[in-house]
Structures are given as structure tokens and as C-alpha cells.
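An overview of the molecular structure
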Amino acid sequence: MAIVDNHISATEAGVRLSEATPGDYFALLKPRVMSLVVFTAMVGLVAAPGSLNPFIALVAILAIAVGAGASGALNMWYDADIDMVMSRTADRPVPAGRIAAGEALVFGLVLSAFSVMTLGVIVNWFAAGLLAFTIFFYAVIYTMWLKRSTPQNIVIGGAAGAFPPMIGWAAATGAVSLESVILFLIIFLWTPPHFWALALFKSGDYERAGIPMLPNVAGAAATRRQILAYSLLIAPVGVAPWAFGFASAVYGVLALALGVGFVWHAWRVFAMAEDDRAMKPAKALFAYSIVYLFAIFAAFLIDTVAGRIAGFGG
Amino acid sequence: MSDKKGLVLSPAQAKARRARSIAIGLALAAMVVIFYFATIAKFGPAIFERAL
């Protein structure tokens with residue numbers, strides 16, 4: 001029987017018609033992650049030498065943001081099965097049934113193509129190539145491969161989140177340099193302690209989903225040691241822009257203070273009792289790590305702009 | 001003429017579809033504006049240089 005006889009509702013016909021709102025599609029872009037991407041890419045772009053037309057710079061940031069969002073949509077398409085069993089992600093549009101997985105895939109692919117093409121045509125193809133590689137790295141290397149296969153998933157996969165300042169720098173200069181590599185390294189080394197702090201107090205979620213996060217595979221004690229080790233790496237790398245001479249001593253002192261704070265929080269996690277169920281130090285480190293990243297990039301941005309205004313910067 | 005109507009959307013489906021259509025329209029309009037002004041920005045003053 002045809003379903004077009006007369007006034008037949010989609011539900012009666014067994015046809016699934018979407019009730020997804022634009023807000024659901026926006027949620028596929030992982031707006032909170034996107035805000036971090038926008039901010040770090042902007043810092044890379046503004047700190048880079050040379051001048052870029054402000055409107056072109058705005059388009060570059062927008063394209064990078066949309067590219068990051070697209071990779072988020074591809075991640076949500078592929079990870080719908082594990083998002084469904086984790087409390088933190090169960091209400092995402094795909095596992096909650098508001099958007100079909102196929103729709104998320106097409107949405108992610110179309111936005112990926114548009115963002116890369118826009119960055120290439122309007123800004124430069126080197127930056128566009130970096131953006132394309134970042135989307136591929138996050139969606140394929142991290143999401144499809146590493147995330148479910150190794151406890152080092154976020155160590156290697158963290159590179160995807162570390163590329164935006166480098167893309168911003170490349171948008172302004174058409175190349176990468178030591179400065180942009182250091183900005184990359186700050187985020188790259190920040191990612192493991194940030195996510196392992198989360199994984200410590202959300203280990204039940206990850207276990208249910210079958211994701212081999214470090215606490216579930218190597219145990220909480222090994223994770224706490226690794227967090228401390230990474231915090232000891234990130235503290236000096238945060239100071240590197242001053243040490244290499246492209247940030248002022250004011251930035252250096254501030255970065256050092258932020259780094260000491262990071263190590264102190266990591267030490268508290270390291271010293272946490274085995275039977276600590278509340279895991280307040282891990283939650284505190286997770287919250288502090290977000291503040292740390294925003295603060296250190298904001299400090300670098302202000303330092304660079306102030307240096308230019310004072311006539312000392314590049 | 002046939003009075004066949006096809007699928008009838010529920011109010012929620014119709015409202016969601018209208019909102020999605022508006023969002024797609026706005027996004028496409030934004031792209032047109034972005035490419036228009038980006039073209040002008042990339043050309044710079046040269047856009048006024050026309051051979052007569």
C-alpha cells in the first residue's frame with residue numbers, strides 16, 4: 001500500500017522525519033571545544049608577524065572554527081554507541097535520537113569541505129592543508145583508531161587540539177615557525193593531564209563504554225604519576241616563549257606562576273589517597289587546567305599586542 | 001485533480017523543518033556576504049582600476 005493515500009502522518013507511515021532543531025546541529029559542533037579552538041587560533045594569528053586584512057583574519061578564524069566543529073560532528077557520528085553509555089555524553093544529539101547518525105556524518109563532511117575550501121580560497125592553501133590534516137587526525141586517527149585501542153589515545157590524539165594556533169599562525173604567514181611549534185607544544189602537553197584528571201573521576205563512565213583510558217588500563221596510581229610527569233613538562237614549556245625571546249619577562253613570570261600552580265595541583269592529585277572517592281584534587285586539577293590554558297594564551301596575546309604597541313614586538 | 005496530500009508533518013516536525021530551513025538560508029546568505037567582502041578585501045584598491 002502506498003503511504004500517500006491521504007493525510008497519513010509520518011509516524012503512521014513508519015517514516016522517520018527529523019524534529020532536530022538548528023540548536024541540535026550546533027551542538028554537534030561541540031561549541032565549548034570550538035571556543036577553545038577559536039581562542040587559541042586567534043592567538044596564533046594575532047601573534048604571527050606580518051599583517052592580514054582584518055576581514056580576511058576574521059574569515060580565517062571562522063573557517064578554523066567551522067573545521068573544528070565539523071570534526072566534532074564526525075566524532076559524534078562515529079562515537080554515538082559509546083556516547084550513549086556515558087553520563088557526560090548521553091544527551092548529545094545522536095545518542096539521544098534527535099539527529100540520525102547518517103545526518104551527523106553528512107553534516108560533518110559538508111562542513112569539513114566548506115571550511116577547508118573557504119580557508120584555502122580566501123586565506124592560503126598551506127593553512128587550509130593544515131586544517132584538513134587536523135580534521136582527518138581528529139576524526140580518523142583519534143576517533144576511529146586510537147580512542148578505542150590504546151590508553152595513549154589522548155596523548156597522540158591531543159595533537160588535533162594543539163594544531164589551531166599553528167593554523168592561525170599559518171593563516172597569517174603561510175608557514176610554521178618555532179613560535180607556532182611552541183604554542184602547539186603547550187596544548188599538546190596540556191591535553192594528557194587535563195583528560196586524565198577527568199578520566200580519574202569519570203573512570204566508571206569510560207569503563208562502561210569500553211574505552212581504554214589510562215586509569216582503566218594502568219590504574220589510578222600510574223595515571224597520577226603520569227599526570228605529575230606531564231605537569232613537570234608543561235610548566236617549563238609554558239615559559240618557553242619568554243626563554244626563546246618572543247615574549248617579555250612579564251609573560252615569563254606569569255607563565256612560571258601558572259606552571260607552578262599546575263604542578264601544585266598535579267602534586268595534590270599524585271598524593272591523593274587510594275580510597276579517595278570524592279577525588280577533589282582531580283576535579284580541582286581539571287578545572288585549573290582549563291583556567292591555565294586560557295590564562296597562558298591570554299597572557300601571550302596581551303604580551304604580544306602590548307609589545308607591538310610599545311614598539312618592541314614583531 | 002487528486003486530493004492526495006502525501007505525508008502530513010506533525011506540528012513539531014513542521015516547526016523543526018521551518019527552523020532548519022531558516023538556518024540553512026541564513027548560513028548560505030552569510031557565505032555569499034563573506035565571499036563578496038573577502039573578494040573586495042583581497043583585491044584592495046586594485047578593484048577600482050578598470051581599463052576603459
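These numbers come from a predicted model, not from an experiment.

Notes on the overall build of chain A
The helix and strand inventory of chain A stands at 15 helices and one strand. For 314 residues, the compact-globule formula gives about 20 Å, and the C-alpha radius of gyration of chain A, at 21 Å, lands near that figure. When the backbone C-alpha atoms are referred to their principal axes, chain A occupies close to 75 × 55 × 25 Å. Among the 314 residues that make up chain A, the fraction classed as buried is 51%. Partitioning the intrachain contacts of chain A with sequence separation of at least 6 by distance along the chain shows that 72% fall at a separation of at least 24.

Notes on the domain arrangement of chain A
Residue and element names in this part refer to chain A. Domain assignment breaks chain A into domain 1 (19–175) and domain 2 (177–314). Its C-alpha centre places domain 1 at a distance of 21 Å from the equivalent point of domain 2. Taken together, the 33 residues of domain 1 in the interface contact 35 residues of domain 2. Together domain 1 and domain 2 conceal approximately 2,900 Å² of surface at their shared face, both sides included; 76% is due to carbon and sulfur atoms. Counting the surface domain 1 buries against domain 2, the share from its top three residues, Pro151, Ile154 and Trp169, is 19%. Inspection of the domain 1/domain 2 interface yields zero salt bridges. The interface formed by domain 1 and domain 2 includes six residue pairs in polar contact (both at pLDDT 80 or more). Class assignment for the residues of the side of domain 1 that touches domain 2 results in 22 nonpolar, eight polar and three charged.

Describing the side chain of Asn153(A)
Residue and element names in this part refer to chain A. Along the chain, asparagine 153 turns up in helix H8 (residues 153–162). For asparagine 153, a relative accessible area of 0% corresponds to the buried category. Look past the residues within four positions of asparagine 153 in its chain and what remains in contact with it is Tyr142, Leu146, Lys147, Gly158, Ile211, Pro212 and Met213.

Examining the pattern of salt bridges
All names here are of chain A. Taken as a whole and assessed by the stated rule, the structure comprises seven salt bridges over all chains. Across the salt bridge formed by aspartate 81 and arginine 148, the nearest N and O atoms sit 2.9 Å from each other. Here the residue aspartate 81 occupies a position in helix H5 (residues 80–83), and arginine 148 occupies one in the loop between helix H7 (125–146) and H8, the gap between them amounting to 67 residues. Here arginine 98 and aspartate 91 are joined by a salt bridge, their closest N and O atoms 3.4 Å apart. A relative accessible area of 56% places aspartate 91 in the exposed class. Overlapping salt bridges, with partners in common, bring together Asp79, Asp81, Lys147 and Arg148 in one network.

Re the packing of aromatic side chains
All names here are of chain A. Per the stated rule, a full pass over the model turns up 18 aromatic pairs over all chains. Ring plane angle 85 degrees and centroid distance 6.0 Å describe the contact between phenylalanine 246 and phenylalanine 300, whose orientation is recorded as edge-to-face. Pair noted here: phenylalanine 246 is in the loop between helix H13 (220–243) and helix H14 (249–270) and phenylalanine 300 is in helix H15 (residues 280–309), with a separation of 54 residues, a long-range link. Geometrically, the ring pair formed by phenylalanine 262 and tyrosine 288 is edge-to-face, given 6.2 Å between the ring centres and 70 degrees between the ring planes. Taken together, the residues phenylalanine 262 in helix H14 and tyrosine 288 in helix H15 connect sequence positions 26 residues apart. Across the pair, tyrosine 288 and phenylalanine 262 agree in class, each one buried. Lying over the aromatic face of phenylalanine 201, lysine 283 brings its terminal NZ or CZ to 5.8 Å of the ring centre.

About the cut-offs
- Residues numbered from 1 in each chain as written.
- Chains lettered and ligands numbered in written order.
- Predicted model: local features only at pLDDT ≥ 70, side-chain atom pairs only at ≥ 80, totals over all residues.
- Heavy atoms only, no water.
- Helix = DSSP H or I, 4+ residues; strand = E, 2+ residues; numbered from the N terminus.
- Rg over C-alpha atoms; globule rule 2.2 N^0.38 Å.
- Buried < 20%, exposed > 50% of the residue type's maximum accessible area, 1.4 Å probe, protein only.
- Contact = heavy atoms within 4.5 Å.
- Domains from an automatic or database assignment.
- Buried area = accessible area lost by both parts, 1.4 Å probe.
- Salt bridge = Lys/Arg side-chain N within 4 Å of Asp/Glu carboxyl O.
- Polar contact = N/O pair within 3.5 Å; in protein donor to acceptor, adjacent residues only side chain to side chain.
- Nonpolar A, V, L, I, M, F, W, Y, C, P; charged D, E, K, R; others polar.
- Phe/Tyr/Trp six-rings, centres within 6.5 Å; stacked < 30°, edge-to-face > 60°.
- Lys NZ or Arg CZ within 6 Å of the ring centre and 35° of its normal.

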